[in-house]
Amino acid sequence: MGRAAVVPRPRLAIEYWLLAYRRRWKGSLLTSFLSPILFLAAMGLGLGSLVDAEVGSGRDLGGLDYLDFLAPGLLAGNAMMLAVNESTYPVLGGFKWYRTYMAMAASPLRSRDILLAHFAYMAFRVTLASFVFLGVMAAFGAVSSPLAVLAPICAALCGMAFATPTAAFVATRTNGDNFSTYTRFVIMPMFLFSGIFYPVSQLPVVLEQIAWLTPVWHGVRLCRALSTGSGVEWELAGHLGYLVALILAGTLLAQQTFTRRLYE
Amino acid sequence: MQSEPAGPAAGVCCRSSYDCNRKARCPYPHRVSLIAAWGLTKRFGDFTAVDGIDFEVQRGEVFGFLGPNGAGKSSTMRMIGCVSDPTGGALRILGMDPSREGTRIRSRLGAVPQQDNLDEELSVAENLYVYGRYFDLPRSVLRARIAELLDFVQLTERADDQVEPLSGGMKRRLTIARALISDPEVLLLDEPSTGLDPQARHVVWERLWTLKRRGVTQVLTTHYMDEAEQLCDRLVVMDRGKIVAEGSPRQLIERYCTREVVEVRTHGQAAAMADALRRLGESPEAPAADTPHERGPSSDQLYERAEELPDRVLLYTDQSERLMAQLGGVEHESVLVRRSTLEDVFLHLTGRSLVD
Ligand SMILES: Nc1ncnc2c1ncn2[C@@H]1O[C@H](COP(=O)(O)OP(=O)(O)OP(=O)(O)O)[C@@H](O)[C@H]1O
Ligand SMILES: [Mg+2]
């Protein structure tokens, strides 16, 4: 067996994450089921019946029932939330508590293998949860186009557009003190103001323009178009491009902060 | 002094290194060092943790780093393990430069970090498996090697148990097994036996001995003098980022210590007794000044140095019989004569006890 044959690859580290996932997949899948059920029941059915009665299937929702409007938005928003969870404490833990990254760094794996492996695992988690979400949406009758099967992929992209820069930031932290501030005052407002619950055109112009910059708005638009089968191609390509660009930028940033942290 | 490119010391081969390709023309005796460092430096912000140290480790050797807490041992070990970038000086490991070939170097090292980083949720065997996969070892190879290593560190019965509830000693042994999964040429052990009970420590030492016999080069740090004396062919003592002494355990004792130590116990009045002893030491000729480091040629002095501890006074001497004969004049509880140990060297060099 040639010594020089060691070629570090992210896939070697992905095996670790999958093995670790095997220990918790049941709980994690259950959460993936319950959370869309709760949201769609409460907001889609409960709130939706009110909205539909008041507005009718009005112009403002693009001619959609509230449930059909809301569900794909929540799909993207849920992916964002999950991705942020996966890229805060687990990443800090990799450096500090579980020291998973440190164990990997002592092997031939390079910092880029280590972070790409973790990102791949996060993408896997978010994609899986998003497909479960889509299944629940379908059960609620909130899917009206076969293209919807692509929506979870877009939701995962939306999630990763958050996860990669978040992980890059977390790699510069020595403790989790700022994390709840970050979720509460950065992520939560995006959840509330980026077109998940109502079209951003309802907002004052300034807020609307800010919403356009948030990755989650692009994710919401993509998921909604795919789930309802009503989108303009070039606009969708633009959303995709925006998310992919953010993921690339986040990954490059993470490459820097991970390398600094791992070899300090 | 800034981190100037660390040249080799005068009188040593230009590269002193594994891959010297000028062997034929080199005017100096060529030595094949597995690890060589010149002026190796590590700074954290303004703080200098490792302050320009030079050392070389030869193939098959067990090389130790001793030093008080914060001396810079782990910082050095991490640089050797290619998980910490040096801030100055030069480092060659297996003839390669860690800043450019970290991956290739690491593929031939096994590292036991000071702080365990096992995955506590996974089982004992799974920990070995995933780590082996980081080295791209095929599953079939791993299966056999895991069984062999678990046997080697006596954890076969716990193979399928989760790691979290294992005892500290078991975790340490598992970490050592994990470091061996890739059949490394060099094993780095940062305090391999700290926190273990005497039994577990002996198991670890015995395993390290076996590895030494198999020709695995080992670099270790320790706070246990007996560990260093038993395992290390050569060692350096570090203090505040610098190397303050280097040699084999025997050489160090000869160079920095007297042959014997007379321990005089007292009833809790060490200071008064130390004074009396000092007068005793002064009687023949000039007082035995506490000159640090290298000791001069032995003289007629009764003892060379005295070390005052709360309950006793240690007298370092080459003439224990003469000294004992004179002790009658000093009030004391009991006397013990013993050979000097590495611990005495350590106390002398660093001015404090190892485990503080
Ligand atoms: N990542 C870091 N950032 C800042 N300072 C550090 C860092 N790592 C180590 N140090 C400092 O460098 C010095 C040397 O630490 P190091 O861990 O190398 O000592 P050591 O000899 O291994 O000590 P011990 O015997 O306690 O393990 C210490 O003062 C420590 O505080
Ligand atoms: Mg240490």
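Residues numbered from 1 in each chain as written. Chains lettered and ligands numbered in written order. Predicted model: local features only at pLDDT ≥ 70, side-chain atom pairs only at ≥ 80, totals over all residues. Heavy atoms only, no water.

Visitor: If you had to explain the site of ligand 1 to someone new, which residues and values would you point to?
Guide: In the region of ligand 1, 15 residues are neighbours, and Asn69(B), Gly70(B), Lys73(B), Ser74(B) and Ser75(B) sit closest. Neighbouring residues of ligand 1 are distributed over chains A and B. One of the side-chain N or O atoms of Asn69(B) is found 2.8 Å from an oxygen atom in ligand 1. Interatomic distance of 2.7 Å between a side-chain N/O atom of Ser74(B) and an oxygen atom of ligand 1. Within the complex, the protein chains bury 65% of what would otherwise be the 630 Å² of accessible surface of ligand 1. Sort the elements by how many residues they give to the shell around ligand 1 and helix H1 (residues 73-80) of chain B lands first, with 3 residues. In terms of residue class, the shell around ligand 1 is made up of 5 nonpolar, 7 polar and 3 charged. (Near = heavy atom within 4 Å. Polar contact = N/O pair within 3.5 Å; in protein donor to acceptor, adjacent residues only side chain to side chain. Areas by Shrake-Rupley, 256 points an atom, 1.4 Å probe, with all protein chains shown as cover. Helix = DSSP H or I, 4+ residues; strand = E, 2+ residues; numbered from the N terminus. Nonpolar A, V, L, I, M, F, W, Y, C, P; charged D, E, K, R; others polar.)

Visitor: Give a detailed account of the coordination of the magnesium ion (ligand 2), specifying residues and quantitative values.
Guide: All names here are of chain B. Within the protein, the magnesium ion (ligand 2) binds to Ser 74 (OG) and Gln 114 (OE1); these donor distances fall in the range 1.9 to 2.1 Å. Note that Ser 74 is positioned in helix H1 and Gln 114 in the loop between strand S5 (109-112) and helix H3 (124-134), a separation of 40 residues in sequence. For Gln 114, a relative accessible area of 42% translates into the label partly exposed. (Donors = N, O, S within 2.8 Å, 3.2 Å for Na, K, Ca; no water. Buried < 20%, exposed > 50% of the residue type's maximum accessible area, 1.4 Å probe, protein only.)

Visitor: Summarise the packing of aromatic side chains; cite the residues concerned and give the values.
Guide: Under the defined criterion, the tally for this structure stands at 20 aromatic pairs over all chains. With a centroid separation of 6.3 Å and an interplanar angle of 20 degrees, the aromatic rings of Tyr89(A) and Trp97(A) are classed as stacked. By relative accessible area, which is 42% here, Trp97(A) ends up partly exposed. An angle of 85 degrees between the planes, with centres 5.2 Å apart, marks the rings of Phe55(B) and Phe65(B) as edge-to-face. Placement of Phe55(B) in strand S2 (residues 47-58) and of Phe65(B) in strand S3 (residues 62-66) is noted, with a sequence separation of 10 residues between them. For the pair formed by Phe55(B) and Phe65(B), the shared burial category is buried. Three or more aromatic residues joined by ring pairs form one cluster here, namely Tyr16(A), Trp17(A), Tyr21(A), Tyr121(A) and Phe124(A). (Phe/Tyr/Trp six-rings, centres within 6.5 Å; stacked < 30°, edge-to-face > 60°.)

Visitor: So, the side chain of Asp190(B): which residues are in play, and what are the values?
Guide: Residues and elements named next belong to chain B. Turning to its location among the elements, Asp 190 is positioned in strand S6 (residues 186-190). We note that Asp 190 is buried and unpaired, the nearest opposite charge coming from Arg 172 at a distance of 6.4 Å. There is a polar contact of 2.6 Å between the side chain of Asp 190 and the side chain of Ser 74. Aside from chain neighbours lying at most four places away, what touches Asp 190 is Ser 74, Met 77, Val 112, Pro 113, Gln 114, Arg 172 and Thr 221. (Lys, Arg positive; Asp, Glu negative; His and termini not counted. Salt bridge = Lys/Arg side-chain N within 4 Å of Asp/Glu carboxyl O. Contact = heavy atoms within 4.5 Å.)

Visitor: With reference to specific residues and values, describe the interface of chain A and chain B.
Guide: With 30 residues of chain A at the interface, the matching set in chain B holds 36 residues. Counting the surface lost from both chain A and chain B, the interface buries some 2800 Å², and carbon and sulfur atoms represent 51% of this. Scanning the region where chain A abuts chain B turns up 5 salt bridges. The partner of Glu15(A) in a salt bridge is Arg133(B), and the shortest N-O contact between them spans 2.8 Å. On the surface where chain A and chain B come into contact, there are 13 residue pairs in polar contact (both at pLDDT 80 or more). When residues of the side of chain A that touches chain B are traced back to their parent elements, those giving at least two are helix H1 (10-22) and helix H5 (100-105) of chain A. (Buried area = accessible area lost by both parts, 1.4 Å probe.)

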